[in-house]
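Residue-level listing of the chains:
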Amino acid sequence: MTDEEAGGAERMEVSTELPETPQRLASWWDQQVDFYPIFLHHLAQFVPEIYFAEMDPDIEKQEESVQISIFTPLEWYLFGEDPDICLEKLKHSGAFQLCGKVFKSGETTYSCRDCAIDPTCVLCMDCFQNSVHKNHRYKMHTSTGGGFCDCGDIEAWKTGPFCVNHEPGRAATTKENSCCSLNEEVIAQARKIFPSVIKYIVEMTIWEEEKELLPELQIREKNEKYYCVLFNDEHHSYDHVIYSLQRALDCEPAEAQLHTTAIDKEGRRAVKAGAYAACQEAKEDIKSHSENVSQHPLHVEVLHSEVMAHQKFALRLGSWMNKIMSYSSDFRQIFCQACLREEPGSENPCPISRLMLWDAKLYKGARKILHELIFSSFFMEMEYKKLFSMEFVKYYKQLQKEYISDDHDRSISVTALSVQMFTVPTLARHLIEEQNVISVITETLLEVLPEYLDRNNKFNFQGYSQDKLGRVYAVICDLKYILISKPTVWTERLRMQFLEGFRSFLKILTCMQGMEEIRRQVGQHIEVDPDWEAAIAIQMQLKNILLMFQEWCACDEELLLVAYKECHKAVMRCSTSFLSSSKTIIQLCGHTVETKSYRVSEDLISIHLPLSRTLAGLHVRLSRLGAVSRLHEFVPFDFQVEALVEYPLRCLVLVAQVVAEMWRRNGLSLISQVFYYQDVKCREEMYDKDIIMLQIGASLMDPNTFLLLVLQRYELVDAFNKAISTKDQDLIKQYNTLIEEMLQVLIYIVGERYVPGVGNVTKEEVIMREIIHLLCIEPMPHSAIAKNLPENENNETGLENVINKVATFKKPGVSGHGVYELKDESLKDFNMYFYHYSKTQHSKAEHRQKKRRKQENKDEALPPPPPPEFCSAFSKVVNLLNCDIMMYILRTIFERAIDTDSNLWTEGMLQMAFHILALGLLEEKQQLQKAPEEEVTFDFYHKASRLGSSAMNAQNIQMLLEKLKGIPQLEGQKDMITWILQMFDTVKRLREKSCLIVATTSGSDSFKCDEITHDKEKAERKRKAEAARLHRQKIMAQMSALQKNFIETHKLMYDSTSEMPGKEDSIMEEESTPTVSDYSRIALGPKRGPSVTEKEVLTCILCQEEQEVKIENNAMVLSACVQKSTALTQHRGKPLGAETLDPLFMDPDLAYGTYTGSCGHVMHAVCWQKYFEAVQLSSQQRIHVDLFDLENGEYLCPLCKSLCNTVIPIIPLQPQKIDSENADALAQLLTLEQWIQTVLARISGYNMKHTKGEKSTVPVLFNQGMGDSTFEFHSILSFGVQSSIKYSNSIKEMVILFATTIYRIGLKVPPDETDPRIPMMTWSTCAFTIQAIENLLGDEGKPLFGALQNRQLNGLKALMQFAVAQRITCPQVLIQKHLIRLLSVVLPNLKSETTPCLLSIDLFHVLVGAVLAFPSLYWDDTVDLQPSSISSSYNHLYLFHLITMAHILQILLTIDTGLPLAQVQEDSEEAHSASSFFAEVSQYMNGCVGYSIPGWYLWVSLKNGIIPYLRCAALFFHYLLGVTPPEELLTNSAEGEYNALCSYLSLPTNLFLLFQEYWDTVKPLIQRWCADPTLINCLKQESTVVRYPRKRNSLIELPDDYSCLLNQASHFRCPRSADDERKHPVLCLFCGAILCSQNICCQEIVNGEEVGACIFHALHCGAGVCIFLKIRECRVVLVEGKARGCAYPAPYLDEYGETDPGLKRGNPLHLSRERYRKLHLVWQQHCIIEEIARSQETNQMLFGFNWQLL
Ligand SMILES: [Zn+2]
Ligand SMILES: [Zn+2]
Ligand SMILES: [Zn+2]
Ligand SMILES: [Zn+2]
Ligand SMILES: [Zn+2]
Ligand SMILES: [Zn+2]
Ligand SMILES: [Zn+2]
C-alpha cells in the first residue's frame, strides 16, 4: 500500500478496516448480503487513486495496481480459490466452437465461393489456413475493421464450418473437459458478481457532462481537479485540430500533435488539467478556435477527475470481463442473462440496450471495447445472439437515426453489427416472423428519408449531403442482408409478415416511381447540372434487393399472385395523371387508336420507375410458374395494360431522343443517367425490365394498336404518315436517328427472349449468351468479362460455371494478361442487335464478325441466330412481326431507300429492317418445321409478298429487296439481302411442300445447297473486292507513315543506323576469318592479334547529321546514366562511408559499385549541350514536377526518354599491330624478372626525381637489396615507345565532364574537377560495369560475346575508350602515384604502408586500374610518350599474369571445403600441381590452412572460382584492344569456354604452371602475401570472408501462394509502436526485410528531411534503389533516391493470368516465375531508374504520391 500513503487521513481510516490479502477481502465480500454497494465502495477507494494522472499516466503501474487491488480480489471472490490455478485449468477446457476473432482494419479476411452461405461469411487468416476452404475457390479481402470470424458457425457454411482448431471434439477437450466444467458455487458467485459489474460499467459509460457521481462513489472529499477533454470527430482535419490546440492551450506543436494523434486513435483525450474555471476557459478557447464558417466547433467537455478515472476503469473492467468470458460458456451465458434483465420497476431498457442506445454518443475507444464485449458474449452463444438480435431490432429505428446523425465511421457504430445477425438464415426468419423486421427496416427508411420528399411525395435529392445519404445506404444494405438467404420452409406467419414487409417496401418504391422528373430544355442550356448521383446510387443499391424481393415472392404461386396484386395497385395509383389526361387519335394505314396525348419532348419525364419494373419482374416470374392465367382472379378490375406500358415506353423514347441529340441542352446530368440506365450496374432493374414491360404489352395488346402507340410515343407518326419533304438536314438526321432507335427497340421486343420466363431458357444459357456477345467484340481477360456481367446479391456473376463451354483460355506471356477467346461453334449465336451492346460495342462486334467471315471466305451476311421459343405467356409477341403496321413500316423504309430523292433513310435503318425481316422469316420457318402447315397462322411470308393496293405500295417486299440489291451504294448489304431472299424461298418451299412428310429436312438441305452456289458467286466478287482493298490499304499505309510524328520517324532512322555496327562486325568476321590465322585471337603478349576497328559514322539523334568518329573531330556522345549499385554485393546492407572512402581498392564483397549504363543514343556534344540548356530554361519557366533533378545533371534522353545524368564521349579505338618478328626477339630479352626490374627502376627513378624536388609524393618503400645497375630509369623506354595520342579539345572537355560525373555520383560528393580520386573512380566504374555485365550474361546463360544488346555493347565500348583517354586529361604524377599503390599489391619489393592485404581487395579492379594507368610510367617532362604496341602487349601480359596469380591464391585460401563437387581424376596433372602448390603455400601460412584438401578438389574449386574473373578480363581486353575473341566465346558452351578464355588471355590451361614458370620471381611475393598478419585475421572471420565464385544475387524467394505472404504480414508488428492500428507492411525484395511503410512511427530523418521506412531502408539496402512489395495491396513499387518511384505489376497472377492490384477482385494468387524473373532482370540490368522515369513520363497521375514517405 505504499503508493497510496500520499492520499490522506480519511482513506487510511477506511483501508484499515479492510482485510489485506485479496483472499481475505474476497471472503469478507462473501459475508455481505448485497454485493453492489460494497463493490462500489471498494472502487470508490481505489479507482481515483490508480487513475489519477490522466495527462501523463504510467500505464504499467496502473495495470499493476488495478490487478492487485481490484481484479485479483474479484477473481478470488468468483472462484473461491486461487484464480491463477483455476483459470489455468479452465484454459484447457475452454475450447469453444466459434472463433469469433474481431478484425482490425487492414487485416485480410477470406471467404469461400464454394461453401459460404453469402459473401459476408468470412474467416480469419488462422482459421482459413487450417480449413478445407484453402483448396477451394476462395476470395481474399482487406477488412475495414469491425467484422468477426465466422469459423464454427454452422449456419454460415454449406460445408466445412470448422477449421482444425475449432472443430468440436478436438484440442484437448476430451480428457479435461468433464472435470473442469464450472461447479455450482462458481456459477452462483458469477450470478452475484456479473450484474454488479455490468451495472457499474453501464452507469459509468452512460455519462453526461454535468452529472454528479453516484453517492456511493463519493466517499472522498471532493477535490477540485478537472480535465478539459477533447473528443474526436470526422469533420476536422488533423492539422486543424493541431492548430486549434496550439492556439487555445498555447502549447508547442509537438505537444499538440501528440494530443491529436491520441484523440484520433482513442477518440478522446484530456488536454488540460486544472480547476473547473480554467478548464471551462480552455474549453471555450478550443471551441472558438476550431469553429469557422464551414465547421462546427470541436466537441469539448469538462469532466471531474474522478469521473474520468471511473470511466477509464469501467472500460478496463470491460476488457477484464472479456477475458473471464473467454474461459467458459457458462460465464458468457450468465453475463448475457444479466445484460438482458430489465431493472424491476425501472423505465430503463435492459443494460445491453442502454449501452447500444448510448453508442452514438460514445467515443471511439469506448465503443470498441463495448462492441468487443458484445462479440465475446452474445455472438458466441447462438441462443443469446437471437435474444440480442431481438433487442437490436426493437431499437433499430432509434439506433439507425442516431447513426445517421453521428459522424463516426460505420465500422465503429453498433449498427454495423446488423450484418452479423441479419445474414444468419434462422435469425433472419425468426426476426421476420416475430418482429416483422422487413417492415421495421423499410419504415426506418421512410422515417429518415422524408427530408428528401417533394410536395408530390416523391424523392428529390437535389442538394443532398453525400455523407448523410451514404449513411442511409447502410439501412438499405440491412434490407439486403435480411433477404440474402431465401427461406426453404414457409410458415403462415412468415408469409404474412413477409407480405407486410413487401407492402411497406412498395411504399418506398412509390416515393421513387417518377421521382426527379425532368423536362426537355429548349432554347437555352440549363445553368446548373442537377444532382443525379444520389438517385442513381440508390437504384444501384436497390438493384439486388428488388431482385431478391421478386425471388422471395416467387416462392409459391399464391404469394406471388398476392404480391402481384399489391404491386399492380401501387403502379395504378402512380398512373392517375396518365389515366386522367386528355386523349388524341392516331391513324395509320387503316388502323385507328385512341390514346392519351403526351410528348416526351415537351412534358415531364422520369427515368425512375421501380414499381413498374418490379411488376414486370413479378410478371416474368408468374409466367415462369405458368400462373399468368390465374391473374384475373387477383386483378379482376381493368388490367390497364396501356397504362403499364406507358412509363417504360417513355423511358426508351427518352433514350432515343438523347441519342438524337434533342436533349443536349439538358447537360451532362441527363447523359449520365441514361448511361447508368443501360449500364450493367443498373440495367437489370431499369432498362431490361422496361423492355420486358413492352414485351408484356405486346403480348397482351393488339399488335397494330401497340405499334401505333409506339410510333406515337416516338413522335414518328408523321414521319411515316406522309412523305415529309423537308430540306432541314438537322431535322432529317433527328428523324432518322429516332427511327433507328425505335426499330432497335422493336427488334428487342420481338427478338430478346433470354430471360427465364420470357423465353424458354435457363439462367446458364443467359449468362453464356452474355459472354458470347462480349467475346464477339474481342478476346477479353476474365476481369473484363466479369465487370460486364451483372453481379447477384452474392457478388457472383455465374461466369465460371459456363465460360469453358463457350470460350477457351489463352495464357499470358511475360507481360499482359490471359484472355478468353470465343470457341468457333459459339460464333453462330452472334446477334448483331444484342440489346446489351452499347453503340461502340455494336459497331466493333459487327466489324470484327464481318472481317472474320471475310477471312474465312464466307459471305458477309450477319442474320439473327434462331431465337429460343417464347414462353406461352409471351407467345403473342411475335404477332408484331406480321401485323399491318410493321409491314407498312418496313415497306416505307425500303421504298425510301430506293427513291433517289429521299433522305429519310440510312443504311443502319435498312440493316435493322433486314433484321426484322429475317426474324419474321425465321419465326415462320421454325413454326412450319414444328407443326403442320395449316395450323401455322403466322403468315409473315404471305404478308411480305402480298402486293399493296395503292399506287404507293404497288410492289411487295420481295420485289423491293431485289431492287435494293441492285443499288451500288448498298454493296455492303448485298449478302444480307441475298440471305433474306433465300429465306423467302425456303419458307415458300416449306409452305408448298408441307404436304410432303419430310418438309423439314428437305427444306434445310436445299437451303444448304443454295448457300454453296451462292458462296461460289461470292468468291468471284470477293477476289475483285480484295484486290481493290489491298490497293487501298497500301495507299493508307503510305499516308499514315507520312503522318507518323517526328520522334517516331527519328526513332526509325536511328534504329536502322544503330544496327549498322553489328552488321559490319559480322561481315568483317566472315571476311577476315580465312586470312587471320589462329594467333590472331590472342589478346595479350607477343602473339597478340591485330585490333579490328571499323570506320564509325554515326548520326546525331538531335540534328540528324552524320559524322565520322575521329579523335581529332568534335566529340560525339552517348547519353548515359551513372548510378550506385548493390547488384553484386556479397554483404547487403553494409554501411557506406562515402566521403572518406579510398576508392582505389574495391572491397572483395563489391558492396557498392558505380555502374555506367547507356541507352545507346548518339548526339553531337554541342547538340546535347544545347538540348540540356533548353531543358534547363524551360524548367525555369514552368514548374517542373520532380521528373528529374536538373541540378544533378539529370535529363531524359531526347529519343527514348530514359533517365540520364551524363554523356559518354565516343572515342575511336586506336588500332595497334605487332610485328611478330620483333615480338619474338623481345621475348628472349624481356622476362618477367627483367620486366619487374625495369618497372621498379622507373619507379625508383621517379621517386628520386620527386624527392630531389620539393616533396616526396610517392610513398614507396624499397627493398634496398635490389641494386642492379643495368636497370636504370630509362630502360623501360628501350622496349618501344610512341608518342601519345592527341585528342581534340572537344573530346577532352567531354572526358573531363563525364569523369567528374562518375566521381560525383560514385562518391556522392560535390563535383570537383581536380580531385585526385577522379581517375580512381573512372577505373572503378569500368571494372564494376564489366563485372555487372559479365554477371548478367552468366545469369541469363548467354555467351560472353555476341549476346550483348546494342546499347550495352556501345556503352561498354565507349566506356573503355573513354577510360584510356581519361588518363591523359590528368596530371601524370597523380596517375603514377595511384599506379604505384596498385602495383604494390603484386610487385615484390614494392610495398607501401597502405597496401591492403590480399584478401581485402577485388583483383579485377586492380587489373583494370593497373592496365589503364600503366602508360603513365612512360611519361617524361619533355616528351609525352606512351608504350609502343609491343611494349604494351608485354605490360598487359605480365600485369595480367601477376594479378591472376594473386587471384588464384585468393581463391585457394578462401576455398569452401564443404561444397559437393564433381570429382575429376585424382591423378590428373592439374590435381598434382594443385596439391604440391597448396602444400608449399600452407608452409608459409604456418598451418593456417589445412593440408587435407585433396588435389582434385583444389583444382575444381579453382577452376569454378576463377572463371568470372577470366570472363571479365576477356571482356575488358577485348573492348580495350579490339582483338577478336575465339569462336568458342561466341557460343554457349561451358566446356569450350575455359580453354578459349585461357588461350585468349595467354594462360596455360593448367593454371599452376604459371607459378612453376615464374617460381623464383613470385616466391617472395607469395611469402609476403601469406605472412601478412591482416590476411590471417581476415581468414579467421569466417562470416565475412568472400569466397569465389561470388554468389550471384537474386530477388528473395517468394512463396507460390500469395496468402502465405499475407499470413506473414499479419504477424508483422511495427518495431517502433505498440498500437495495432492499420499498418502497411512492405517487403524488400532484395533482402526480405518487412518494413512499416507510410507511417509516422517509422520515419527517419536523413539530411534534415523526413523519409519513410522504405526510402530509408533503400538507402542502405540498394544504395538508394530498391524493389518493394506492398503486401496488403499486392503491388510492387520501384524506388530511387528520396523522391522517385513507380508502381510495377506484381509477379502474382490469378488463375486467369491477371494481376490484382489492391486485391480488388480477391481471387487466389500464385507466383508467376517468369514475371518474377523479369523483375529480377530489371534489377540486374540496372533498369530500375529507367522504369521509374518512363512510368513517370507516361503516367503523370502518380505524382500525387509522396514517395519520400514510403
Ligand atoms: Zn477465426
Ligand atoms: Zn477456426
Ligand atoms: Zn470452401
Ligand atoms: Zn547533332
Ligand atoms: Zn536513349
Ligand atoms: Zn532490403
Ligand atoms: Zn512503424
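Cut-offs and rules
- Residues numbered from 1 in each chain as written.
- Chains lettered and ligands numbered in written order.
- Predicted model: local features only at pLDDT ≥ 70, side-chain atom pairs only at ≥ 80, totals over all residues.
- Heavy atoms only, no water.
- Helix = DSSP H or I, 4+ residues; strand = E, 2+ residues; numbered from the N terminus.
- Buried < 20%, exposed > 50% of the residue type's maximum accessible area, 1.4 Å probe, protein only.
- Donors = N, O, S within 2.8 Å, 3.2 Å for Na, K, Ca; no water.
- Tetrahedral: all angles 85-135°; square planar, octahedral: opposite > 155°, others 65-115°.
- pLDDT = per-residue confidence, 0-100.
- Contact = heavy atoms within 4.5 Å.
- Patch = residues over 30% accessible without salt bridge, like charges linked within 9 Å, V, L, I, M, F, W, Y side chains within 5 Å.
- Areas by Shrake-Rupley, 256 points an atom, 1.4 Å probe, with all protein chains shown as cover.
- Salt bridge = Lys/Arg side-chain N within 4 Å of Asp/Glu carboxyl O.
- Lys, Arg positive; Asp, Glu negative; His and termini not counted.
- Charge placed at Lys NZ, Arg CZ, Asp CG, Glu CD.
- Expected span 1.5 Å × (residues − 1).
- Core = buried A, V, L, I, M, F, W, Y, C linked by side-chain atoms within 4.5 Å.
- Pairing = 2+ DSSP bridges.
- Axes fitted to C-alpha atoms, helices over the stretch in contact; angles between N-to-C directions.
- Polar contact = N/O pair within 3.5 Å; in protein donor to acceptor, adjacent residues only side chain to side chain.
- Phe/Tyr/Trp six-rings, centres within 6.5 Å; stacked < 30°, edge-to-face > 60°.
- 1 Å grid on protein atoms, 1.4 Å probe; cavity = no way out; pocket = protein on both sides within 12 Å on 5 of 7 lines; lining within 4 Å.
- Points joined across faces, edges and corners; volume = space filled by probe spheres on them.
- Nonpolar A, V, L, I, M, F, W, Y, C, P; charged D, E, K, R; others polar.

With respect to the secondary-structure elements, alanine 1225 resides in helix H46 (residues 1220-1229). A relative accessible area of 48% means that alanine 1225 is categorised as partly exposed. Counting along the chain gives 139 residues from alanine 1225 to proline 1086, while the straight-line C-alpha distance between them is 9.4 Å.

Surrounding the zinc ion (ligand 2) are the protein donor atoms Cys127 (SG), Cys151 (SG), Cys163 (SG) and His166 (ND1), which sit 1.9 to 2.3 Å from the metal. Bound by four donor atoms, the zinc ion (ligand 2) shows angles of 102 to 115 degrees at the metal and therefore tetrahedral coordination geometry. Counting gaps between the donor residues of the zinc ion (ligand 2) yields the pattern C-x23-C-x11-C-x2-H. Distance-wise, the zinc ion (ligand 1) is placed 4.2 Å from the zinc ion (ligand 2), both being coordinated by cysteine 127. One end of the pair, cysteine 127, is in helix H6 (residues 125-129); the other, cysteine 163, is in the loop between strand S2 (138-142) and helix H7 (173-180), with 36 residues separating them in the sequence. According to the relative accessible area criterion, cysteine 127 is buried, its value standing at 2%. We classify cysteine 163 as buried; its relative accessible area is 1%.

Distances from the zinc ion (ligand 5) to its protein donors, Cys1159 (SG), His1161 (ND1), Cys1197 (SG) and Cys1200 (SG), fall within 1.9 to 2.3 Å. For the zinc ion (ligand 5), the four donor atoms in the first shell make angles of 103 to 117 degrees at the metal, so the coordination geometry reads as tetrahedral. The sequence pattern formed by the donor residues of the zinc ion (ligand 5) is C-x1-H-x35-C-x2-C. Residue cysteine 1159 is located in strand S13 (residues 1153-1164), and its partner cysteine 1197 is located in the loop between strand S14 (1195-1196) and strand S15 (1203-1204); the two are separated by 38 residues in the primary sequence.

Turning to the confidence of the model for the protein chain, a few remarks are in order. Put simply, the protein chain has an average pLDDT of 84, and 88% of its residues get 70 or more. The low-confidence segment residues 171-180, where pLDDT is below 50, has eleven contacts with residues more than four positions distant or belonging to other chains. Segment residues 995-1011 is flagged for pLDDT under 50; beyond a separation of four residues in sequence, or across chains, it makes 14 contacts in the model.

On the surface, Asp56, Asp58, Glu60 and Glu64 cluster together into a negatively charged patch. Counting through the fold element by element, aspartate 56 comes out in the loop between helix H3 (35-50) and helix H4 (59-79). For aspartate 56, a relative accessible area of 65% translates into the label exposed.

Helix length check: helix H26 (residues 610-625) (16 residues) gives 22 Å between terminal C-alpha atoms against 22 Å at 1.5 Å per residue, within 8%. After H26 finishes, the residue glycine 626 shows a positive phi value of roughly 70 degrees.

Ranked by size, the top nonpolar core spans 310 residues in total, and within it Tyr200, Phe422, Phe461, Phe894 and Leu961 carry the most contacts. In terms of nonpolar packing, the next biggest core, distinct from the first, is built from 182 residues, Ile1285, Ala1365, Leu1498 and Leu1515 among them.

Strand order in the open sheet formed by three strands is S4-S3-S5, and the pairing between neighbours is antiparallel. Sheet topology places strand S4 (268-274) and strand S5 (300-304) at the edges, where each strand pairs with a single neighbour. On average, each strand axis in the sheet is tilted by 30 degrees relative to the strand beside it, whichever way the strands run. Its contacts with the sheet place helix H12 (residues 305-325) against strand S3 (226-231), S4 and S5, and it is angled at close to 95 degrees to S5.

Take the pattern of salt bridges next. Proximity of charged atoms lets side chains of opposite charge pair with each other. Taken as a whole and assessed by the stated rule, the structure comprises 68 salt bridges. Residue glutamate 443 is joined to lysine 397 by a salt bridge in which the shortest nitrogen-to-oxygen separation is 3.5 Å. On the criterion of sequence distance, the pair formed by glutamate 443 in helix H20 (residues 437-448) and lysine 397 in helix H17 (residues 396-405) is long-range, its members being 46 residues apart. Classification of glutamate 443 as partly exposed rests on a relative accessible area of 29%. Note that arginine 1081 is salt-bridged to glutamate 1527, the shortest N-O span being 3.3 Å. Highlighted residues: arginine 1081 in the loop between helix H44 (1046-1075) and strand S10 (1097-1099) and glutamate 1527 in the loop between helix H55 (1495-1521) and helix H56 (1534-1544), separated in sequence by 446 residues.

For glutamate 381, the position within the fold is in the loop between helix H15 (364-376) and helix H16 (382-394). We classify glutamate 381 as buried; its relative accessible area is 10%. For glutamate 381, the side chain forms a polar contact with the side chain of glutamine 333, separated by 3.3 Å. The residues touching glutamate 381, leaving out its near neighbours within four places in the chain, are Ser329, Arg332 and Gln333.

Right, let's talk about the side chain of aspartate 118 for a bit. Tracing the chain through its elements places aspartate 118 in the loop between strand S1 (108-112) and H6. In this structure, aspartate 118 is buried with no salt-bridge partner, the nearest side chain bearing the opposite charge being lysine 480 at 8.4 Å.

The next subject is the pairing of strand S22 (residues 1634-1637). Relative to S22, strand S21 (residues 1624-1628) is paired through four bridges, and the arrangement is antiparallel. Residue pairing across strands places histidine 1624 opposite serine 1637, the latter belonging to S22. Between S21 and S22, which follow one another and run antiparallel, lie five residues, and glycine 1632 among them has a positive phi close to 90 degrees.

Enumeration over the complete set of coordinates arrives at 66 aromatic pairs. Consider the rings of tyrosine 687 and tyrosine 835, whose centres lie 6.1 Å apart with planes at 35 degrees: the pair is tilted. Of this pair, tyrosine 687 sits in helix H30 (residues 687-700) while tyrosine 835 sits in the loop between strand S9 (819-822) and helix H37 (839-855), placing them 148 residues apart in sequence. We classify tyrosine 687 as buried; its relative accessible area is 3%. Residue classification places tyrosine 835 among the buried positions, given a relative accessible area of 7%. Judged by centre distance (6.4 Å) and plane angle (10 degrees), the ring pair of phenylalanine 938 and phenylalanine 940 falls under stacked. Per residue, the accessibility class of phenylalanine 938 equals that of phenylalanine 940, and both read buried. A connected cluster of aromatic rings, assembled from ring pairs, spans Trp29, Phe35, Phe39, Tyr51, Phe71, Tyr77, Tyr200, Phe313 and Trp320.

A few words now on empty space enclosed by the protein. It is the rolling of a water-molecule-sized probe over the atoms that shows where space remains empty. According to the stated counting rule, one finds 16 cavities of 30 Å³ or more in the structure shown. By volume, the largest cavity is sized at about 90 Å³. Around the largest cavity, the lining residues are Met832, Tyr833, Lys850, Glu860, Ala861, Leu862, Gln911, Phe914, His915, Gly972, Gln973 and Met976. A total of three residues in the lining of the largest cavity trace back to one element, the largest contributor, which is helix H39 (residues 907-930). Taken together, the residues of the lining of the largest cavity sort by class into six nonpolar, four polar and two charged.

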